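Examining the three-dimensional arrangement
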Amino acid sequence: MGLGVVAAQLTRLGGALTTSDHASVVSINLFVALLCACIVLGHLLEENRWLNESITALIIGLCTGVVILLTTKGKSSHVLVFSEDLFFIYLLPPIIFNAGFQVKKKQFFRNFMTITLFGAVGTMISFFTISLAAIAIFSKMNIGTLDVSDFLAIGAIFSATDSVCTLQVLNQDETPFLYSLVFGEGVVNDATSVVLFNALQNFDLNHIDTMVILKFLGNFLYLFVSSTFLGVFSGLLSAYIIKKLYIGRHSTDREVALMMLMAYLSYMLAELLDLSGILTVFFCGIVMSHYTWHNVTESSRITTKHAFATLSFIAETFLFLYVGMDALDIEKWKFASDSPGKSIGVSSILLGLVLVGRAAFVFPLSFLSNLTKKTPAEKISWRQQIVIWWAGLMRGAVSIALAYNKFTRSGHTQLHGNAIMITSTITVVLFSTMLFGMMTKPLIRFLLPASGNATSEPSSPKSLHSPLLTSLLGSDLETAVPIIRPSSLRMLLTKPTHTVHYYWRRFDDALMRPMFGGRGFVPYSPGSPTDPNIQVEQ
């Protein structure tokens, strides 16, 4: 008798699980099919001057959301529920890591001071501009119970650019200087915005005094430096382990898996320690490309190159596809639907603040940066400044995730003011990505017509058997042309980039590469990446 009851209960439980599993399988099938459609359409629109894969995925997501809304009679518009954890823990790490892993380090570090100036100082200027304007304007609009901390959070949310979309509208080979500057600034900007947002949550901002501001700045600098250090340490540790153990002599799968897992571990450690995972995994990618990648076997180099790029590509497409679907979620709009005019007004004001906030630092900081440059070729031209300003106007998933974190619980809210801020954020993200993203390519071709023909650095190698991240021509020039050793403080001040690079190369060749490996510094050992027998067999 008892066994019969248990069997009946298990049968009912199994039926419920089967129903739940079936719904999950249907959702996953639909989403994977949409990802495939995005890839195919992205290929077909490769030469289109207006659309890119990000905008294509966004449009497909919006269209799918409309279809789901119609079929469910307005109950739902998506097949998966947006989660901050899904975004920050699973989707963002491979995108940012691959960006650091694939970046042209020579161009990136040549403009490192300008990138840091734009990414850190510029983001702070944009943050204060948007926050102060939001306090002045929204406090008079009666949009809900928003306090000072909410307005400051708005400043941090809308200071975060969409570096993912920027990667797709700029070309690293056609405009290397602009790419390194805008992309590098975008990564530092995202990290700075997230650090700012998290730092704001830890302070009582209703009683601001000098000590609170000093503590806030100190906490910000601590998070920035600590996150960078953790990323560099993780990359060096992976390089040292792979170099010393020669894991590839037994299994190339193990060294590839170790690289992937240690990169992800660096991000999760940063999140565990309440640091910036974005900065950590970005610098981990740079260090791994400089040391670890040269310590693995040739087949593992090819594998990691394509594996990291593929994971990043899928995560990017997934992200924009879901943002498009989630934008039509009826639950987010129904609490703001009683005042559509106010919601449109808030969205318009926020979009205007984004434009002003970015202009407030791009042009002044470009002017200051140009003062330190000696030749016209090194200076940021007026046309380039316009492109830099325009390319950073897009807002994306970072803004949406931070807005969800601040104004909702589990993606929903019943507070009128919070609902307006959520819907306004979604509107700004859609409008900026669609309009500014579509106009970026034509704008670059109009302002910089010769960018496709004249590049300041040779294109990255296309052959899989060539070094991935540095140009052979560039590295040969570095060793063949002697750099004059600075003999005074004046030389250091007039040519800081060349001076720092000169001393870094000496330090890197004398200490870092012999210890951690790298191109030309991996010692011969049977079964190691430099074993001539292995090279011949390959």
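Residues numbered from 1 in each chain as written. Predicted model: local features only at pLDDT ≥ 70, side-chain atom pairs only at ≥ 80, totals over all residues. Heavy atoms only, no water.

As annotated in an unreviewed UniProt entry, the chain is Sodium/hydrogen exchanger from Puccinellia tenuiflora. Turning to the chain, the UniProt annotation filed under Subcellular location (unreviewed entry) states: "Membrane". For the chain, the Sequence similarities (unreviewed entry) comment in UniProt is given as "Belongs to the monovalent cation:proton antiporter 1 (CPA1) transporter (TC 2.A.36) family." (UniProt positions renumbered as here; feature names shortened; annotations may be inferred.)

**What to know about the overall build of the chain**
From N to C terminus, the chain includes 21 helices and zero strands. Across the 538 residues that make up the chain, the buried fraction comes to 51%. Taking all contacts inside the chain whose residues are at least 6 apart in sequence as the whole, residues at least 24 apart take part in 83%. Accessible surface, the chain: about 25,200 Å² in total, of which carbon and sulfur atoms supply 68%. (Helix = DSSP H or I, 4+ residues; strand = E, 2+ residues; numbered from the N terminus. Buried < 20%, exposed > 50% of the residue type's maximum accessible area, 1.4 Å probe, protein only. Contact = heavy atoms within 4.5 Å. Areas by Shrake-Rupley, 256 points an atom, 1.4 Å probe, with all protein chains shown as cover.)

**Thoughts on the packing of aromatic side chains**
For the coordinates displayed, the defined rule picks out 22 aromatic pairs. Considering the side-chain rings of Phe87 and Phe88, the 4.8 Å spacing of their centres and the 70 degrees angle between planes classify their relative orientation as edge-to-face. With respect to burial, Phe87 and Phe88 carry one shared label: buried. Grouped by ring-pair contacts, the aromatic residues Phe108, Phe109, Phe112, Tyr179, Phe183, Phe282 and Phe283 constitute a single cluster. Over the face of the ring belonging to Trp293 we find Arg301, whose NZ or CZ atom lies 5.4 Å from the ring centre. (Phe/Tyr/Trp six-rings, centres within 6.5 Å; stacked < 30°, edge-to-face > 60°. Lys NZ or Arg CZ within 6 Å of the ring centre and 35° of its normal.)

**Details of the pattern of salt bridges**
Applying the stated rule across the entire model yields four salt bridges. Note that Asp150 and Lys406 form a salt bridge whose closest N and O atoms lie 3.6 Å from each other. Pair noted here: Asp150 is in helix α6 (residues 148-157) and Lys406 is in helix α16 (residues 397-407), with a separation of 256 residues, a long-range link. Assessed through its relative accessible area of 10%, Asp150 is described here as buried. Two residues, Glu185 and Arg358, come together in a salt bridge whose shortest N-O distance is 2.8 Å. Here Glu185 is found in helix α8 (residues 176-201), whereas its partner Arg358 is found in helix α14 (residues 340-371), with 173 residues between them in sequence. Of the residues examined, Arg358 reaches a relative accessible area of 2% and is grouped as buried. (Salt bridge = Lys/Arg side-chain N within 4 Å of Asp/Glu carboxyl O.)

**Some points on the environment of Thr425**
If you trace the backbone, Thr425 turns up in helix α17 (residues 416-447). Assessed through its relative accessible area of 2%, Thr425 is described here as buried. For the pair Thr425 and Leu350, spaced 75 residues apart in sequence, the C-alpha to C-alpha distance is 8.3 Å. The contacts of Thr425, once residues within four sequence positions are left out, are Phe158, Ser399, Ile400 and Ala403. Side-chain polar atoms of Thr425 contact the backbone oxygen of Met421, separated by 2.7 Å. (Polar contact = N/O pair within 3.5 Å; in protein donor to acceptor, adjacent residues only side chain to side chain.)

**What to know about unusual backbone geometry**
In this structure, Asp274 takes a positive phi of about 60 degrees despite not being glycine. With respect to the helices, strands and loops of the structure, Asp274 is situated in the loop between α10 (252-272) and α11 (277-295). What makes Asp274 exposed here is its relative accessible area of 62%.

**Quick notes on the confidence of the model for the chain**
With 76% of its residues at a pLDDT of 70 or more, the chain shows a mean pLDDT of 77. Here helix α18 (residues 472-480) stands out as the element of the chain with the lowest mean pLDDT, 35, in contrast to α10, whose mean of 92 is the highest. In the model, residues 452-493 has pLDDT below 50 throughout and makes 64 contacts with residues more than four positions away in sequence or in other chains. (pLDDT = per-residue confidence, 0-100.)

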